[in-house]
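Structure assessment
Each chain, letter by letter, is given below.
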Amino acid sequence: MVKHRALRVLIVEDEPLLVMDVEMMVEDAGHRVVAEAASLYDVEAMDPDLAPDLAFVDMHLARGTSGLSVSSLIQRRWKRTLIVFVTANPSMIPRDFAGAHGVLAKPFSRNGFLSTLNYLEEGICAPPPVSRQPADFVAAEMLLAGWNAPS
């Protein structure tokens, strides 16, 4: 595997133990968690200059907020951030992914998460990815189309 630059990762999840697990896996893979949030309000309060490369966003968040609202905010604020929904109920994701780039189903294994992270790293740093799309990750059509478009 070719090592690319370290990604700047945002974790939007309201389960503290899952946040700790994801943070540890991201950092073990050589990337950096630049922020964590448990609700839409936490993301709204973040510095607009944060600009993460990748955001893992749960669907059901604290304070009655949703991952769909967070995704919409991220798309407006940080246009280049790749958004991956993380949910136990992927059928809740709209067919067009509401502008997000993919979904990772819960529960996921460490290997499944790391394979997805590696695949996304390749796609962000040197598209298209050379690895096969992991079985645990469902990519949005627009993501695959963008990675496979002639440059």
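Residues numbered from 1 in each chain as written. Predicted model: local features only at pLDDT ≥ 70, side-chain atom pairs only at ≥ 80, totals over all residues. Heavy atoms only, no water.

**Here we look at the overall build of the protein chain**
The number of helices and strands found in the protein chain is five helices and six strands. Shown N-terminal to C-terminal, the secondary structure of the protein chain runs as helices and strands in the order β-α-β-α-β-α-β-β-α-β-α. For the protein chain, whose C-alpha radius of gyration is 14 Å, the value lies close to the compact-globule estimate of 15 Å for 151 residues. Expressed along its principal axes, the backbone C-alpha trace of the protein chain runs to roughly 40 × 30 × 30 Å. (Helix = DSSP H or I, 4+ residues; strand = E, 2+ residues; numbered from the N terminus. Rg over C-alpha atoms; globule rule 2.2 N^0.38 Å.)

**Things to note about the sheet that holds strand β2 (residues 32-37)**
Here six strands make up an open sheet; going across it, the order is β2-β1-β3-β4-β5-β6 and the pairing mixed. The sheet is open, and its two edges are formed by β2 and β6 (137-139), each paired on a single side. Sheet twist, expressed as the average angle between the axes of neighbouring strands with direction ignored, equals 20°. Pairing of strand β1 (residues 8-12) with β2, which is carried by five bridges, proceeds in the parallel orientation. The residue bridging I11 from the neighbouring strand is E36, located in β2. Relative to β6, helix α5 (residues 141-148) is tilted by about 70°, and along the sheet it contacts β4 (82-87) and β6. (Pairing = 2+ DSSP bridges. Axes fitted to C-alpha atoms, helices over the stretch in contact; angles between N-to-C directions. Contact = heavy atoms within 4.5 Å.)

**A few points about the pattern of salt bridges**
A complete count under the given rule lists four salt bridges for this structure. The shortest N-O distance in the salt bridge between R5 and D53 comes to 3.0 Å. Of this pair, R5 sits in the segment before β1 while D53 sits in the loop between α2 (40-44) and β3 (54-58), and the two are 48 residues apart along the sequence. For R5, a relative accessible area of 44% gives the class partly exposed. Taking the shortest distance from any N to any O, the salt bridge between R110 and D28 comes out at 3.3 Å. Of this pair, R110 sits in helix α4 (residues 110-125) while D28 sits in helix α1 (residues 16-28), and the two are 82 residues apart along the sequence. Overall, R110 belongs to the partly exposed group, its relative accessible area being 44%. The network of salt bridges with shared partners includes E13, D58 and K106. (Salt bridge = Lys/Arg side-chain N within 4 Å of Asp/Glu carboxyl O. Buried < 20%, exposed > 50% of the residue type's maximum accessible area, 1.4 Å probe, protein only.)

**Points about the environment of G112**
Checked against the element boundaries, G112 lands in helix α4. Residue classification places G112 among the buried residues on the basis of a relative accessible area of 7%.

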